[in-house]
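Spelled out from the first residue to the last, the chains are:
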Amino acid sequence: MQQKPKRALVLSGGGGRGAYHLGVLTHLEHVGWRPDILVGTSVGALNSAALGSGLPLSGLRERWLDLETGDIQKMRADDVFIDNLLRGGKHVFDTTPFLETALGRSRKWTGRPWLLPEILNGPNAPYEVWITAVDLEERQLVYYNNRDKRGIPPEAVRASFSIPLWYEPTIIKRRPYVDGGTLVNTPFRKAVELGATELVVVLLAPWLGRPVRTWKAARLPWIDDELLAIPQRLWTSFEPALDMMLTEITWRDYLLFEREWQSGEHPQLQTFHIVAPEAPLPVGLMTTYRRENHVRLMRQGERDAGAQIKNLGLTSDSVAPQLGS
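What counts and what doesn't
Residues numbered from 1 in each chain as written. Predicted model: local features only at pLDDT ≥ 70, side-chain atom pairs only at ≥ 80, totals over all residues. Heavy atoms only, no water. Helix = DSSP H or I, 4+ residues; strand = E, 2+ residues; numbered from the N terminus. Buried < 20%, exposed > 50% of the residue type's maximum accessible area, 1.4 Å probe, protein only. Contact = heavy atoms within 4.5 Å. Core = buried A, V, L, I, M, F, W, Y, C linked by side-chain atoms within 4.5 Å. 1 Å grid on protein atoms, 1.4 Å probe; cavity = no way out; pocket = protein on both sides within 12 Å on 5 of 7 lines; lining within 4 Å. Points joined across faces, edges and corners; volume = space filled by probe spheres on them. Nonpolar A, V, L, I, M, F, W, Y, C, P; charged D, E, K, R; others polar. Salt bridge = Lys/Arg side-chain N within 4 Å of Asp/Glu carboxyl O. Phe/Tyr/Trp six-rings, centres within 6.5 Å; stacked < 30°, edge-to-face > 60°. Lys NZ or Arg CZ within 6 Å of the ring centre and 35° of its normal.

1. Remarks on the environment of leucine 115
Following the sequence through the fold, leucine 115 ends up in the loop between helix H5 (96–102) and helix H6 (117–120). The class of leucine 115 is buried, set by a relative accessible area of 3%. Separated by 67 residues in the primary sequence, leucine 115 and serine 48 place their C-alpha atoms 9.8 Å from one another. Among residues more than four places away in sequence, those in contact with leucine 115 are Leu46, Ala49, Ala50, Ser53, Ala102, Leu103, Pro154 and Val157.

2. Topic: helix H2 (residues 43–52)
For H2, a buried count of 10 out of 10 residues is recorded, marking the element as mostly surrounded by other parts of the structure. Buried within H2 are the following residues: Val43, Gly44, Ala45, Leu46, Asn47, Ser48, Ala49, Ala50, Leu51 and Gly52. Just past H2, the residue glycine 54 takes up positive phi, approximately 90°.

3. Quick word on the nonpolar core
Core analysis: the largest hydrophobic core is formed by 64 residues, its most contacted members being Leu9, Trp64 and Tyr144. When neighbours within four sequence positions are excluded, leucine 9 is seen to be in contact with Leu25, Leu28, Trp33, Pro35, Ile37, Leu38, Val39, Val200 and Val202. Among the nonpolar cores identified, the runner-up in size contains 22 residues, and Val201, Trp207, Trp251 and Leu269 belong to it.

4. Quick word on empty space enclosed by the protein
For the coordinates displayed, the defined rule picks out three cavities of 30 Å³ or more. In this structure, the largest cavity spans a volume of roughly 120 Å³. Lining of the largest cavity is provided by 15 residues; of these, Asn185, Thr186, Leu204, Ala205 and Thr247 occupy positions nearest its centre. Across the lining of the largest cavity, the residue classes tally to six nonpolar, seven polar and two charged.

5. Structural notes on the pattern of salt bridges
Within the structure shown, the criterion is met by 18 salt bridges. With a shortest N-O distance of 3.1 Å, arginine 17 and glutamate 239 are connected by a salt bridge. Here arginine 17 is found in the loop between strand S1 (7–11) and helix H1 (19–31), whereas its partner glutamate 239 is found in helix H9 (residues 226–262), with 222 residues between them in sequence. This pair shows no difference in class: arginine 17 is buried, exactly as glutamate 239 is. Between glutamate 260 and arginine 189 there is a salt bridge, with the nearest N and O atoms lying 3.1 Å from each other. Taken as a pair, glutamate 260 in helix H9 and arginine 189 in helix H8 (residues 188–193) lie far apart in primary sequence, 71 residues in all. Judged by relative accessible area, arginine 189 falls into the partly exposed class, the value being 26%. Each of Glu62, Asp66, Arg112 and Arg291 takes part in salt bridges that share partners, so that together they form one network.

6. Side note on the packing of aromatic side chains
Summed over the entire model, instances satisfying the criterion amount to 14 aromatic pairs. A centroid spacing of 6.1 Å and a plane angle of 80° characterise the contact between tyrosine 254 and phenylalanine 272, whose relative ring orientation is edge-to-face. With tyrosine 254 in helix H9 and phenylalanine 272 in strand S8 (residues 271–275), this pair connects stretches of sequence that are 18 residues apart. Note on tyrosine 254: relative accessible area 6%, which makes it buried. Each residue in the set Phe188, Trp207, Trp251, Tyr254, Phe257, Trp261 and Phe272 is aromatic and connected to the rest through ring pairs, giving one cluster. Its guanidinium or amino end placed over the ring of tyrosine 143, lysine 190 lies 4.5 Å from that ring's centre, counting from NZ or CZ.

7. Some details on the layout of surface pockets
Approximately 380 Å³ is the volume found for the largest pocket. The wall of the largest pocket is formed by 21 residues, among which Ile163, Pro164, Trp235, Phe238 and Leu242 lie closest to the centre. Broken down by element, the lining of the largest pocket gets its largest block of residues, seven residues, from H9. Here the residues of the lining of the largest pocket are counted per class, giving 13 nonpolar, seven polar and one charged.

8. Things to note about the side chain of threonine 41
For threonine 41, the location among the structural elements is in the loop between strand S2 (37–40) and H2. Dropping the residues within four chain positions of it, threonine 41 is found in contact with Leu11, Ser12, Gly13, Thr132, Ser160, Asp179, Gly180, Gly181, Val184, Asn185 and Pro187.

See below:
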């Protein structure tokens with residue numbers, strides 16, 4: 001009797017670039033490939049938890065098209081200075097709006113939540129969902145899973161989104177947590193550990209194992225408020241280096257995994273597909289959310305997925321193992 005495939009989708013971190021995930025998801029839906037497991041970091045955690053809350057892809061797409069930077073972080077210069085000067089903050093922007101948006105509590109998002117904890121953590125959740133965060137006190141990666149007792153609280157999604165320095169740590173039960181991407185931006189090994197037989201990994205930066213069209217990234221327009229534009233300029237100077245560091249870490253882990261797989265480890269895994277942009281995404285997208293950017297990212301993600309993924313939907317007996325195809 002042929003065993004039913006166990007499909008896992010891994011969504012990496014990348015802030016405002018997360019709309020790219022929606023394009024890949026659109027392609028996967030078109031070819032009839034539905035994951036059983038979602039594993040996400042940072043914005044990948046948000047998209048995974050939203051889908052795990054029962055939000056259809058069309059609903060998630062609609063929310064991304066309406067999402068603006070001010071829905072994620074405070075955008076008034078006086079708020080920024082109050083947080084950092086008067087309250088002794090050690091971050092640039094405050095993400096108080098994030099949970100108001102995610103839970104549909106703000107005026108703009110009333111009736112349109114991204115997260116429904118009672119569904120996400122309930123017995124009828126449509127997916128098994130795993131998200132990451134980093135425990136700052138223990139200096140270690142932690143996973144939240146919607147099938148275990150503690151589930152995935154909204155604060156854990158915010159924690160996975162809390163880019164160090166840029167955003168404040170998220171406090172959960174008196175412990176500070178930050179972005180899971182700090183240690184593992186693309187947690188594909190968790191999907192393998194869970195017994196995935198078919199694995200699709202979505203990156204938000206070019207993959208080192210492939211030729212790219214160009215390594216030159218466009219830059220976004222500056223924020224109108226000059227005081228807020230100053231930290232954004234500093235971030236855009238740092239973002240390419242962060243990209244290179246995170247991609248290099250993932251690449252080296254992938255090479256190690258490839259050797260393990262070729263030597264006979266992880267025998268259940270039959271296909272491993274990677275979708276990645278063919279060129280660096282514009283600098284500044286990690287911390288900027290705009291409809292026009294999201295539309296372009298969705299189109300690019302769908303186009304890249306169609307070009308880069310082969311043999312989806314076939315059973316493990318139908319194809320030879322593939323890595324990086």
